[in-house]
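The primary structure of each chain is shown beneath.
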Amino acid sequence: MPSASNLKMYWGDLHNHCNITYGHGDMRDAFEAAKGQLDFVSVTPHAMWPDIPGADDPRLKWVIDYHTGAFKRLREGGYEKYVKMTNEYNKEGEFLTFVGYEAHSMEHGDHVALNYDLDAPLVECTSIEDWKEKAKGHKVFVTPHHMGYQGGYRGYNWKCFTEGDITPFVEMYSRHGLAESDQGDYPYLHDMGPRQWEGTIQYGLELGNKFGIMASTDQHSGYPGSYGDGRIGVLAPSLTRDAIWEALRTRHVCAATGDKIIIDFRLNDAFMGDVVRGNSRRIYLNVTGESCIDYVDIVKNGQILARMSGPLTPVAPEGDTVRCKVKVDFGWNREEKYVHWQGKLSVDKGQIHSVTPCFRGAAFTSPQEGETEFHTHVNRIVSVGNKETELDMYSSKNPNTTTAAMQAVILDVEMPKDGKVIAEFNGKKFEHTLGELLEGSRSHFMIGWLSEAILFNRAMPESCFTLEHYMEDKEPQRDTDYYYVRVRQRDGQWAWSSPIWAERV
């Protein structure tokens, strides 16, 4: 087994939107929301679209108008306001902010420029290739996103990929869907069209390209890190600008849909994103999830090298005092107005080790004609102690039967089975023993049928959300083989490591 490293996983969102250009929600609320559940963020204005189409197509007039109007506002004082607020929220060692902005392209696909410097200027471009040329010699990453759309229609063109420091990673997952391949979870459902094979990650890896894998929300309602919409994990020694930037540059990154699933993936002495030489590959894997692991795959050259499955139903551990993760969800109802949740979760025995927020923004991917601006409802963990946590949250009804809008937190607890997990919110109190929750979930309406509800999810013992695996692969298939890890939880949350490349000797 490899020795323990000094690296820690930090979580962020490097591509999301608010009303600074087109989108909803105030920019200050966006930074406040990010600060509540992320380690770093870039709140991203839309900046340009060099090859904008549709001058002669009346169907596209509204789309063109809202884009060009936003670009104009950004250049008439919006960008200066954005840079100033980004600087205001940056706190070295506590919460990092980055200046970034987006350019659309029919030909090359949409990209985000992320800058190291907090006073970075807005650089104009005539194309994405022109943008990358201007980035040379500067600390700027130019990252493609929603890559699986049709080529020529803002999908990614792998012929334009530039390996190295300008594009060390690509955005595989966001609210638009998953571009790992043309199969599997999270298909593209937006009006920009379906996903296809030529823009996907696996297609790009099969071409021999080297890049890290990350995720962002691409949210348009001013809620960076919105749970389930995409996050980037960065493996770095500290939460400093230099350390995070260097980890980004060296591809020490991973992608997650929402849960902060920790993937410790090594091949010989390499971490995710690295390149090693050797025909004997010692693979070490340690996964810590936030809920029951469904399965973990080690992928080699586009095929499954090994699959480890978790339990269909978590098994309650022996003994009286156990460590578990208990997720509590708040939401549902059928009313259009927001429900304001004020109260606390507590335990009467044992202790709470940590409280992890799973806060969502409103479910917007891009503006639609006729929508009115709305105020972002920022959710907060008010306080955390070893016995209780105070919460202040806003939930809306689920917009349909496949899109969640609940708010939640995950309690990491160590307590006896007869100890109680207690929810006291909006004048109501509900409680269940840990033993009851190890048997299964429990739910409660607040004011009767079709009202808002609280869900105590099934308690997850440590045995179901952790997995360790060690193996050797002594069979090189190519001059350079690539390996990456994909993790699926039974609640539908995913995480992916960046690849490690192994060269044949």
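Here the structure is a predicted model, which means the values were calculated and not measured.

## Digging into the overall build of the protein
When its secondary structure is counted, the protein shows 7 helices and 33 strands. Since a compact globule built from 505 residues should have a radius of gyration of about 23 Å, the 23 Å found for the protein is in line with a globular shape. For the protein, the C-alpha atoms occupy an extent of roughly 65 × 60 × 40 Å along the three principal directions. Across the 505 residues of the protein, 58% fall into the buried class. Of the contacts formed within the protein by residues at least 6 apart in sequence, a portion of 72% connects residues at least 24 apart. Total accessible area on the protein stands at roughly 20200 Å², and carbon and sulfur atoms take up 48% of it. For the protein, the separation between the mean place of its 54 positive charges and that of its 72 negative charges on side chains is 2 Å.

## Some remarks on unusual backbone geometry
The phi angle at R154 is positive, at roughly 75 degrees, despite the residue not being glycine. Among the secondary structure elements, R154 is positioned in the loop between β7 (140-144) and β8 (169-174). Judged by relative accessible area, R154 falls into the buried class, the value being 12%. Of note in the backbone geometry, N301 takes a positive phi value of approximately 50 degrees without being a glycine. With respect to the secondary-structure elements, N301 resides in the loop between β17 (293-300) and β18 (303-309). Classification of N301 as buried rests on a relative accessible area of 5%.

## Focus: the packing of aromatic side chains
Across all of its chains, the model carries 24 aromatic pairs by this definition. Seen in terms of ring centroids, Y79 and Y101 are 5.9 Å apart; in terms of plane orientation they differ by 80 degrees. Their pairing is edge-to-face. Of this pair, Y79 sits in helix α2 (residues 61-89) while Y101 sits in strand β5 (residues 99-103), placing them 22 residues apart in sequence. Residue Y79 is classed as buried on the basis of its relative accessible area of 7%. Looking at Y101, the relative accessible area reads 2%, which means it is buried. Both rings, one in Y101 and one in W131, keep their centres 5.8 Å apart while their planes meet at 50 degrees; by these two values the pair is tilted. In this pair, Y101 is assigned in strand β5 and W131 in helix α3 (residues 128-135), connecting sequence segments 30 residues apart.

The rules behind the values
Residues numbered from 1 in each chain as written. Predicted model: local features only at pLDDT ≥ 70, side-chain atom pairs only at ≥ 80, totals over all residues. Heavy atoms only, no water. Helix = DSSP H or I, 4+ residues; strand = E, 2+ residues; numbered from the N terminus. Rg over C-alpha atoms; globule rule 2.2 N^0.38 Å. Buried < 20%, exposed > 50% of the residue type's maximum accessible area, 1.4 Å probe, protein only. Contact = heavy atoms within 4.5 Å. Areas by Shrake-Rupley, 256 points an atom, 1.4 Å probe, with all protein chains shown as cover. Lys, Arg positive; Asp, Glu negative; His and termini not counted. Charge placed at Lys NZ, Arg CZ, Asp CG, Glu CD. Phe/Tyr/Trp six-rings, centres within 6.5 Å; stacked < 30°, edge-to-face > 60°.

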